Each structure stands twice: as C-alpha cells, then as structure tokens.
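Overview (structure and organization)
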There are 2 protein chains.
Amino acid sequence: MFGDPALADGVSFFPMKSARYAIVVAAGSGKRMGAPLPKQFLEVKGKPLLMHTLMRLHEFDASINVLLVLHPDYFSYWKEQVMRHAFQLPHTIIAGGEERFHSVKCALDAIEDMKAIVGIHDGVRPMVSVETLTRCFDAAEEFGNAVPVVPVNDSLREISENGNHGVDRSRYRIVQTPQCFRVNLLKQAFNSPFHSSFTDDASVFESNGNTIHLVEGNRDNLKITTPEDLRLLESMLVGS
Amino acid sequence: MFGDPALADGVSFFPMKSARYAIVVAAGSGKRMGAPLPKQFLEVKGKPLLMHTLMRLHEFDASINVLLVLHPDYFSYWKEQVMRHAFQLPHTIIAGGEERFHSVKCALDAIEDMKAIVGIHDGVRPMVSVETLTRCFDAAEEFGNAVPVVPVNDSLREISENGNHGVDRSRYRIVQTPQCFRVNLLKQAFNSPFHSSFTDDASVFESNGNTIHLVEGNRDNLKITTPEDLRLLESMLVGS
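What you see is a predicted model, and the numbers here were worked out from it, not measured in a lab. (Residues numbered from 1 in each chain as written. Chains lettered and ligands numbered in written order. Predicted model: local features only at pLDDT ≥ 70, side-chain atom pairs only at ≥ 80, totals over all residues. Heavy atoms only, no water.)

Remarks on empty space enclosed by the protein
Scanning the entire structure with this criterion turns up three cavities of 30 Å³ or more. Roughly 550 Å³ of internal volume is contained in the largest cavity. In terms of lining, the largest cavity is formed by 32 residues, of which the most central are I174, R219 and L222 of chain A together with R219 and L222 of chain B. By residue class, the composition of the lining of the largest cavity is 12 nonpolar, six polar and 14 charged. Here the second largest cavity is characterised by a volume of approximately 70 Å³. As for the second largest cavity, its lining consists of L54, H58, D61, A62, I64, V66, F87, L89, P90 and H91 of chain A. For the lining of the second largest cavity, the class distribution of residues is seven nonpolar, two polar and one charged. (1 Å grid on protein atoms, 1.4 Å probe; cavity = no way out; pocket = protein on both sides within 12 Å on 5 of 7 lines; lining within 4 Å. Points joined across faces, edges and corners; volume = space filled by probe spheres on them. Nonpolar A, V, L, I, M, F, W, Y, C, P; charged D, E, K, R; others polar.)

Describing the environment of A95 of chain B
Checked against the element boundaries, A95 of chain B lands in strand β5 (residues 92-95). As a C-alpha pair, A95 of chain B and A107 of chain B span 12 residues in sequence and 8.1 Å in three-dimensional space. (Helix = DSSP H or I, 4+ residues; strand = E, 2+ residues; numbered from the N terminus.)

Side note on the state of the cysteines
Residue and element names in this part refer to chain B. A full pass over the atoms with the stated rule returns zero disulfides over all chains. Lacking any disulfide linkage, C136 is separated from the closest cysteine sulfur, that of C180, by 4.9 Å. C136 gets classed as buried once you look at its relative accessible area, which sits at 0%. (Disulfide = S-S within 2.5 Å. Buried < 20%, exposed > 50% of the residue type's maximum accessible area, 1.4 Å probe, protein only.)

Looking at the pattern of salt bridges
One pass over the full model with this rule turns up 24 salt bridges over all chains. Between R20 of chain A and D138 of chain A there is a salt bridge; the shortest N-O distance is 3.4 Å. With R20 of chain A in strand β1 (residues 20-26) and D138 of chain A in helix α4 (residues 130-143), this pair connects stretches of sequence that are 118 residues apart. In this structure D138 of chain A comes out as partly exposed when scored by relative accessible area, which is 33%. Across the salt bridge formed by E141 of chain B and R182 of chain B, the nearest N and O atoms sit 3.7 Å from each other. In this pair, E141 of chain B is assigned in helix α4 (residues 130-143) and R182 of chain B in strand β11 (residues 179-182), connecting sequence segments 41 residues apart. (Salt bridge = Lys/Arg side-chain N within 4 Å of Asp/Glu carboxyl O.)

Remarks on the relation of the copies chain B and chain A
Rotating chain B by 180° about the axis while translating it 0.0 Å along that axis superimposes it on chain A, leaving an RMSD of 0.0 Å. Here the two chains are linked by the operation of a two-fold rotation axis. By C-alpha distance to the rotation axis, the residue of chain B lying nearest is S235 of chain B, at 2.6 Å. In this assembly the copies share their binding face: 100% of the residues contributing to the interface of chain B also contribute to that of chain A. (Least-squares fit on C-alpha atoms with pLDDT ≥ 70 in both. Contact = heavy atoms within 4.5 Å.)

Details of helix α1 (residues 49-60) of chain B
In a regular helix each residue adds 1.5 Å, so 12 residues correspond to 16 Å; α1 of chain B covers 17 Å between its end C-alpha atoms and thus fits that length. Counting buried positions along α1 of chain B gives nine out of 12 residues, so the element sits mostly inside the fold. (Expected span 1.5 Å × (residues − 1).)

A look at the interface of chain B and chain A
Across the contact, 40 residues belong to chain B and 40 residues belong to chain A. When the two sides are added together, the surface that chain B and chain A hide from each other amounts to roughly 3700 Å², 47% of it contributed by carbon and sulfur. Taken together, the connections running from chain B to chain A amount to six salt bridges. E206 of chain B is the partner of R157 of chain A in a salt bridge, and the nearest nitrogen-oxygen pair spans 2.5 Å. Remark: the boundary between chain B and chain A carries 23 residue pairs in polar contact (both at pLDDT 80 or more). Contributing elements (two or more residues each) for the side of chain B that touches chain A: β8 (156-160), β9 (163-167), β10 (172-175), α6 (201-207) and α7 (227-236) of chain B. At six residues, the largest contribution of residues to the side of chain B that touches chain A is made by α7 of chain B. Split into classes, the residues belonging to the side of chain B that touches chain A amount to 12 nonpolar, 11 polar and 17 charged. Two elements, strand β10 (residues 172-175) of chain A and β8 of chain B, share three bridges in a ladder whose sense is antiparallel. Looking across to β8 of chain B, one finds that R173 of chain A is bridged to R157 of chain B. (Buried area = accessible area lost by both parts, 1.4 Å probe. Polar contact = N/O pair within 3.5 Å; in protein donor to acceptor, adjacent residues only side chain to side chain. Pairing = 2+ DSSP bridges.)

As for the packing of helix α1 (residues 49-60) of chain A against helix α2 (residues 75-84) of chain A
All names here are of chain A. Between α1 and α2, whose axes approach to 11 Å, the crossing angle comes to 70°. The angle between the axes of α1 and α2 places the two elements in the roughly perpendicular class. Both α1 and α2 take part in a crossing whose hand is right-handed. Seen from α1, the contacting residues are L50, M51 and L54; seen from α2, they are W78, Q81 and V82. The residue makeup of the contact of α1 with α2, split by class, is five nonpolar, one polar and no charged. (Axes fitted to C-alpha atoms, helices over the stretch in contact; angles between N-to-C directions. Parallel < 35°, antiparallel > 145°, perpendicular 65-115°, else oblique. Left-handed = near helix turned anticlockwise from the far one by under 90°.)

Description of the pairing of β5 of chain B
Residues and elements named next belong to chain B. Of the strand pairs in this sheet, strand β4 (residues 65-70) and β5 are connected by four bridges, and their pairing is parallel. Counted as the bridge partner of L70 is A95 from β5. Crossover β4 to β5 through helix α2 (residues 75-84) is right-handed. (Right-handed = clockwise from strand over helix to strand, strands pointing away.)

See the structure below:
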C-alpha cells in the first residue's frame, strides 16, 4: 500500500526511531518532607509514589529502558517493595551519587547506545502526562534535546540585595521533567566538572554551549516536595 | 490581671486594630476556561467558587468588610446564586472596570477609612489559609503593606530574543494574594495613570516609590485558572 521500502534507494519509508531510555532520579533523602521515609517511597493510593512514576513511563512506551537511580541505603527496601506489590515493570537499579549531577552521570555511564534518546525524569513527578512524554522524546529526536515548560501563572518577584522588585512573568517559564537529550550530546556535557549552578540537566547541557529546545509540559506535572503536594497528588490519583 | 490600661499614661495595653477590608476581585470574563460561565462562578462542591473564597475570608475575620467586584453583566446572576444557596455572609457588590487596576480603584473609592487595612484578593483563590490571611493583615498593620509569596520549587528559564537561559530560582518568589495595604498609601498609588506593567496591586504600589514587604503565603493557595486547577481544587475541598 505504501510501496516497498526496500525499493526506495535504500532509504526506508519507516525511519527507525532511536532507542529510548529513562533515567529516573530518586536518590534524594527526602529531608524536606519531615518524614522518616524519603518522599519517593511514600505510599499514595496503595503504592510507593515511585511506582506510579514508573507506571506512567511504561504507559507512554512499554519498550522504554528504565534506569532507576536510588541511594544504596534503600536498595533492599526498594526490592522488598517490589516483591510486596508484585511490581512487574522491568527496570535497572543504579547507585546514585552525592548530587543530582553525579546520580545522572552514573546512570548515563550505563548507556552504551550513543544514538539513543534519554529522558531524565524526577522520581517524584508521577503526574507527567503521556502527551508531555511524547512531545519531549519526539522533539529530542528532531532537535537533539527537549525540555518541558509551563507558563508562570502568578506574578513573580526577584529578590536582590536591596529588597525585591516585580518582573515580567511572561518572560519566564517553569521547567519540568523529563528533560530529553541525544545520549552522545548529553555525555559530552556531563564530562564537565560539577558546578553548583547545575540545578537540572538542562543547565548542565546549556553550560556546554548547547541551546535548549523548549516544549509544552503539563501543568499538573507536579514535583512532590511538600506534604501539601502529597495531599494534592492523592486526590489527583483518585480517578486513575 | 494585666493592670488597668487607662492608668498607663493614656496608652492602651490593648492597641486598637485598624478596621479590615477585603476587595475580592472577580470581574474577569473567564475566557481562559473555555466555559460559558466565568470561572469564579463555577460550582465546586455544590457552591460557586467565589462563595468558598468569601467563606474563607469570614473564617479569618467575621467582622471583615468585604467588597466584591463583579462585572455588571453578572450582578443579577450573582444575586440569584446568593438566594439559591441561601448565602448569608455580608458583602457589598461593586461594579468592576476594564482592567484589574480599574476594578480595584473602583472598590478603593468606596473605602473612606484612610487608616484601615485593605487586602486585595483574587476571587479565584479559595484555598488561601487563615494563617496566610493573618500574616498578611498583621504585617500590613506594622509595615504599611504585605504581599504573600512562596519559593519557586522548579527550575526557571528566562525567554529572551535569542532563545532562553536558566536563571537562579532561589532569587525569585511566586506572588499570591491577598496583597494588603494601609488604605491611604494604596489610594495614593492608585492615583497614578494605568500602565500595562501593573500585573498586580503590588506592582502599582511599587511604581509609586514604595517598598514591598514580603510574607510567607501557603503553597496550595492556587489561582484557579485552568480546568486542571479546577480539578485540583475539587479534590482539595473534599475534606473541608
């Protein structure tokens, strides 16, 4: 119906998509929640938050290769949870480093396919939509990188030495994850030494001279950081 | 037990608090929701969103004077809703102007007590906490103004002519309402001609040479702007 791809001068009509990896960063100690258990392990609707995140990635692409970065102190805890919940989705556990930068670098070292697209995703963002995941991975395939953002809906003020002043919020975007990159390009960027300005993977990539390609995120793709967020999440997952 | 205030050189031990006003801005046409009804009137848990907001203000201070700014097209609609829900909380209806600036100015003109504290609050922020309201009104009493803010939890990027670049999010704050002011000071600021940089009342106040005093808001004090927000709100109001 579409003709024989093999006849078209060796160029396939069905271009091969790059392999897809997801590095799920969940090595935090969760101090901010004031709870004994790091927040990625807190149970929401009967499952650790992190399982909801992995389920969403699998819903997006059942063949995605998931690298889950945990603090080694929680390896056995996680394995127990996987058993207890009979959690079936395949994933590889990676030992995290001191900072997010080091955690991502550890996971990146485990990826050999230089042409693959890797999405780096916060373990505590289970509400990322399949549409956002699709936009990010597709745009990274085309542009080499893609970072999901949403507009700033509230007024914004900047703190300075002398006080604070209003800024034009339409000039700013709130950054989410997954931040997606062609593996070879990201590996180059992560060869730089760590710097405290690296608050996310886009900032590492940018510091290496790259331009960040922004795509639309989804507004309810919250990073679960406070008890209020957890309460929000619980209610948002009611229908799912 | 605390002594007789009248004996202390005429200085009362129980300083009189200023009268309190709330200007609730709800004159928007709600175009962004894609719904026929402006979002402040959408029903959540059996009541228009706006009634939840007024109830929260009353919970904070039962003696607060509420000025509700509506578009004149919705005066009769609102009165019907008040009847239908047997809504008892006292409030004065004010006709809104073209922009938020003009709406607030109309309401401000109706306040004669120059020493009062007025809090200007978005009609679509029903989740403001009593603690935030208390912090704002108390700080405005002391400093002449108070604006509630929360930290930026996600990475932030700034859009420029040549693309976009990461900024240090710790230097920014997200602004909420109520924005509280001593009435005489705010009236002075609102004598300025309208400017498109006036995105909130703090920016008007600041343009008049005043310094903004920031206080802590509450993170779930969301401005209901999108259908996702409305869904969030519905679930957050479950327990209340």
